[in-house]
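Chain residues, written in single-letter form:
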Amino acid sequence: MSINAIKEDEHISSVSKKDTLVRLFKYLLAYRSTIFSVILIMLTTVAISIINPLLIERAIDVHIANKDIKRLLMLIGFALGLNIIFILLVKLRMYLMAKMSNDVLLRIRQELYTHIQKLSFNFFDSRPTGKILARIIGDVNSLKDVLSDSVTTLIPDFVTIVAVVIIMLVKNWRLALASLISLPLMLCGLWFIETRSHVRWRIHRKKSSNLNAFIHESLSGIRIIQSFTAENETEEDFDHLLKEHRGSFISAILINDAFFSVVDISWGLGTIAMYFVAVKVLGIGAGNVGTLISFGMYIGMFWRPIMNLSNFYNKIITNISGAERIFDILDTKPEIEDRANVIEMPEIKGEVTFEHVSFAYDEDTPVLNDVSFVVKPGETIALVGPTGAGKTTIVNLISRFYDVQQGNVYIDGYNVKDVSIESLRKQMGIMTQDNFLFSGTVKDNIRYGRLDAKDEEIIEAAKAVNAHDFIMKLKDGYDTELKERGSGLSIGQRQLIAFARTMVSMPKILILDEATSSIDTHTELLVQQGIEALLKGRTSFVIAHRLSTISKADRIFVIDKGKILEEGTSSELLAKKGLYYDLYMAQFKNI
Ligand SMILES: Nc1ncnc2c1ncn2[C@@H]1O[C@H](COP(=O)(O)OP(=O)(O)OP(=O)(O)O)[C@@H](O)[C@H]1O
């Protein structure tokens, strides 16, 4: 199923809830000592709360009945001290749990981010960025309660239930059984609700993801939306997604609320059964008020943790789909990976060979069809051809952003699949039309090309591509802070900074998708000279739109329908009067 659509729900591979939970709770294993301390604290607090009814029973049935005020006061003092310790321990437990669950979320988020960075183009081709963001932010956040409650609820409440049941059985087994009579009813009810609830929460997470993707995309494209005055249409789409999101939430929450009603009803029935058996069957009366009161308290102490546990279970059901979505990404293998025993690519000289290369993004639509060529070190190749012909695809295969399905790509005689991706890409300079600039200073953006570049090297690179003069005219020169995507700069200026960034990386092979946007003649000249500086002395592939670049290329490949249709210098190809001649005439005859 395609997931490359905002309004289409993602397909998540189906994994059992148990496996997902086990995997999630494995993250807690790194915090054994914190968990151990928290459990100790909880056991102490549980013990204190279990002792409280016994103290009250003793106060009423023994000290008050015997009018022994001195012992009663001692008992109150003891109970007070115990409960102050209780409060302090609860605070400490909350602190430890908050720290631990935040640490785990941080780890999961880091793992997810690092993994996503390694995924191939294919992964990003197939889903909107907003959906990826939803997993890193929203889905990870949704795990917070599940993680912290797993320690604070699961273990202590379970221990409380066992302890209370034992005490109740020892004190009066008939009353105990009467109190627990409604348990099977509750278990059936919870099972019934849970199976339906999980499905609905899964749908809700997908709708959240769609909404997120839409918001992300419309904010990224806000300039286009405003310039085409498409605000109303965008709002309609937004309303539609919002309605779906709300609908899925209401449907999930309606069934969710039934969880607590089931526990409440079972609790009520258990209490009624206990009093009925006490009064009608066992004939417990005024003489044993203390027993009855303490039993009433134990019933509360039995059902409250059950309520907590079902609340926790409910949270698991609500949020487990978040964990499923996270693990779904963590389990996605990068399609382009280093094979076992890859070698490091030695310093590239620059010979690039395509040997009968065929390639398709989707199995059914071939894009390149038996392409072969050899490019010598230092040559500049201009790729020209109609839109969709396969130019970008060819350059993507050189950097191994995708793997060829048939044939081979060699660099200096090394098959690109036999060398490590890092050692290959480190020696390549890739400039797309979108000269993406990050927020940060001009200097930081240029240094992105080579992180250990010294300031002098940055300035030298900027000078080489004609960027230095305009940078010096900026408010703080190289230290000028750029806005997101360099929005404060002109398109030509952004290109020049991107050239400097590539220049500083000193690539052995340069891939340049020349920008088509028209810029003022002065900047255009600077850009042209910048390109020439970049091309000098290295093998270069330029998806060329400028006549100046095309005419200076050593060879031109004319690509059409996934094949190299013509090849030669500009004058050779013009003389042929083929596709190049037609393209040239259509594009440049008026220049
Ligand atoms: N990520 C992708 N997934 C699926 N199909 C793709 C993808 N990228 C490109 N294509 C398809 O592959 C074919 C070749 O695309 P390519 O981008 O290589 O063409 P191009 O010659 O560079 O075009 P342009 O000059 O318009 O940039 C087109 O039909 C395009 O629709």
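Predicted model only: the values in this text are computed from it and were never measured.

The rules behind these values
Residues numbered from 1 in each chain as written. Predicted model: local features only at pLDDT ≥ 70, side-chain atom pairs only at ≥ 80, totals over all residues. Axes fitted to C-alpha atoms, helices over the stretch in contact; angles between N-to-C directions. Helix = DSSP H or I, 4+ residues; strand = E, 2+ residues; numbered from the N terminus. Parallel < 35°, antiparallel > 145°, perpendicular 65-115°, else oblique. Left-handed = near helix turned anticlockwise from the far one by under 90°. Contact = placed C-beta atoms within 7 Å. Nonpolar A, V, L, I, M, F, W, Y, C, P; charged D, E, K, R; others polar. Pairing = 2+ DSSP bridges. Near = placed C-beta within 6 Å. Expected span 1.5 Å × (residues − 1). Bend = angle between axes of the 7 residues up to and from the residue. Buried ≥ 20, exposed ≤ 12 C-beta atoms within 10 Å, placed from the backbone. Core = buried A, V, L, I, M, F, W, Y, C linked by C-beta atoms within 7 Å. Domains from an automatic or database assignment. UniProt positions renumbered as here; feature names shortened; annotations may be inferred.

Caption draft 1: The arrangement of the packing of helix H3 (residues 69-118) against helix H6 (residues 144-171) in detail. Axis separation between H3 and H6 bottoms out at 9 Å; the angle between their running directions is 135 degrees. By the angle between their axes, H3 is oblique relative to H6. Judged by the twist between their axes, the crossing of H3 over H6 is right-handed. Here Arg93, Met97, Ser101, Val104 and Leu105 of H3 lie close against H6, whose contacting residues are Lys144, Leu147, Ser148, Val151 and Thr152. Residue composition of the contact of H3 with H6, grouped by class: five nonpolar, three polar and two charged.

Caption draft 2: Representation of the sheet that holds strand E12 (residues 563-568) within the structure. If you walk across this open sheet you meet the six strands as E6-E9-E10-E3-E11-E12, and the pairing is mixed. Two strands bound the open sheet, and with one partner strand each, they are strand E6 (428-431) and E12. The average undirected angle you get between the axes of adjacent strands in this sheet is 15 degrees. In this structure, E6 lies alongside strand E9 (residues 509-513), joined through four bridges in parallel fashion. Bridging across to E9, glycine 429 finds its partner in leucine 510. The strands touched by helix H12 (residues 391-398) within the sheet are strand E3 (380-384), E9, strand E10 (539-543) and strand E11 (555-560), with E10 carrying the most contacts at an inclination of about 150 degrees.

Caption draft 3: Expanded view of the site of the ligand. Around the ligand sit Asp125, Tyr361, Asp362, Val367, Gly385, Thr387, Gly388, Ala389, Gly390, Lys391, Thr392 and Thr393, and that is every residue in its neighbourhood. It is H12 that contributes the most residues to the shell around the ligand, three residues altogether. Here the residues of the shell around the ligand sort into three nonpolar, six polar and three charged.

Caption draft 4: Representation of the packing of helix H2 (residues 32-64) against helix H11 (residues 289-330) within the structure. At a minimum axis separation of 9 Å, H2 and H11 run at an interaxial angle of 165 degrees. One finds that H2 runs roughly antiparallel with respect to H11. You can see that H2 and H11 cross each other, and the crossing is right-handed. Between H2 and H11, the residues in contact are Pro53, Ile56, Glu57, Ile60 and Asp61 and Gly290, Ser294, Met297 and Tyr298, respectively. Grouping the constituent residues of the contact of H2 with H11 by class yields five nonpolar, two polar and two charged.

Caption draft 5: Broad picture of helix H5 (residues 129-141). Helix length check: H5 (13 residues) gives 18 Å between terminal C-alpha atoms against 18 Å at 1.5 Å per residue, within 8%. The sharpest bend along H5 comes to roughly 35 degrees, located at arginine 135. Listed as buried for H5 are Gly130, Lys131, Ile132, Ala134, Arg135, Asp139 and Val140. If you follow the buried residues of H5, they end up packed against H3, helix H8 (183-220) and H11.

Caption draft 6: How the structure looks around the sheet that holds strand E2 (residues 366-375). If you walk across this open sheet you meet the four strands as E2-E1-E4-E5, and the pairing is antiparallel. Looking at which strands have only one partner, the edges of the open sheet turn out to be E2 and strand E5 (414-415). In this structure, strand E1 (residues 352-360) lies alongside strand E4 (residues 406-411), joined through five bridges in antiparallel fashion. Each bridged residue has a counterpart across the sheet, and for phenylalanine 354 the counterpart in E4 is valine 409.

Caption draft 7: Spotlight on the nonpolar core. Grouped together as the largest cluster of nonpolar side chains are 68 residues, with contacts concentrated most on Ala382, Leu383, Ala462, Val465, Ala500, Ile511 and Ile556. Top element by residues in this core is helix H17 (residues 491-504). It accounts for seven residues. Among the domains, domain 2 (338-427 + 509-515 + 539-591) and domain 3 (434-506) are the pair contributing at least three residues each to this core. What isoleucine 511 contacts, discounting residues up to four positions off in sequence, is Val395, Ile398, Ser399, Met428, Gly429, Ile430, Met431 and Phe541. Within the second largest apolar cluster, 23 residues are counted, among which are Met42, Met97, Val151 and Trp201.

Caption draft 8: Fine view of the UniProt feature "transmembrane region" (unreviewed entry) in the protein chain. According to UniProt, the positions carrying the feature "transmembrane region" (unreviewed entry) are residues 27-51, 71-90, 151-169, 175-193 and 282-303. Helix makes up 100% of residues 71-90 and strand 0%. Its end C-alpha atoms lie 29 Å apart. End C-alpha atoms of residues 175-193 are separated by 29 Å, and the span's content is 84% helix alongside 0% strand.

Caption draft 9: Seen up close, the pairing of E10. Counting buried positions along E10 gives five out of five residues, so the element sits mostly inside the fold. Side chains Thr539, Phe541 and Ile543 of E10 all project onto a buried face; the interleaved residues Ser540 and Val542 project onto the opposite face, where all are buried too.

Caption draft 10: Broad picture of the pairing of E2. Relative to E2, E1 runs antiparallel, the two being bridged by six bridges. Paired with valine 352 across the two strands is valine 375, which belongs to E2. A loop of five residues connects E1 with E2, the two strands running antiparallel in sequence.

Caption draft 11: Structural view of the environment of tyrosine 478. Tracing the backbone through its elements, the reader meets tyrosine 478 in the loop between helix H16 (468-473) and strand E8 (481-482). Taking the number of C-beta atoms within 10 Å as the measure of exposure, tyrosine 478 has 19 and is therefore partly exposed. The spacing of tyrosine 478 and valine 151 is 327 residues in sequence and 52 Å in space, taken between C-alpha atoms. With near-sequence residues (within four places) excluded, tyrosine 478 lies in contact with Thr441, Val442, Lys443, Ile458 and Ile471.

Caption draft 12: Main features of the environment of valine 104. On the secondary structure map, valine 104 appears in helix H3. When the C-alpha positions of valine 104 and phenylalanine 260 are compared, they lie 29 Å apart, and in sequence the two are 156 residues distant.

Caption draft 13: Highlighting unusual backbone geometry. In the Ramachandran plot, lysine 67 falls in the positive-phi region, its phi being about 50 degrees despite a non-glycine side chain. Note that lysine 67 resides in the loop between H2 and H3. Owing to 7 C-beta atoms within 10 Å, lysine 67 belongs among the exposed residues under this scheme. The backbone of aspartate 370 sits at a positive phi, close to 55 degrees, despite the residue not being glycine. Assignment of secondary structure puts aspartate 370 in strand E2. According to the C-beta neighbour criterion, aspartate 370 is partly exposed, with 15 such atoms within 10 Å.

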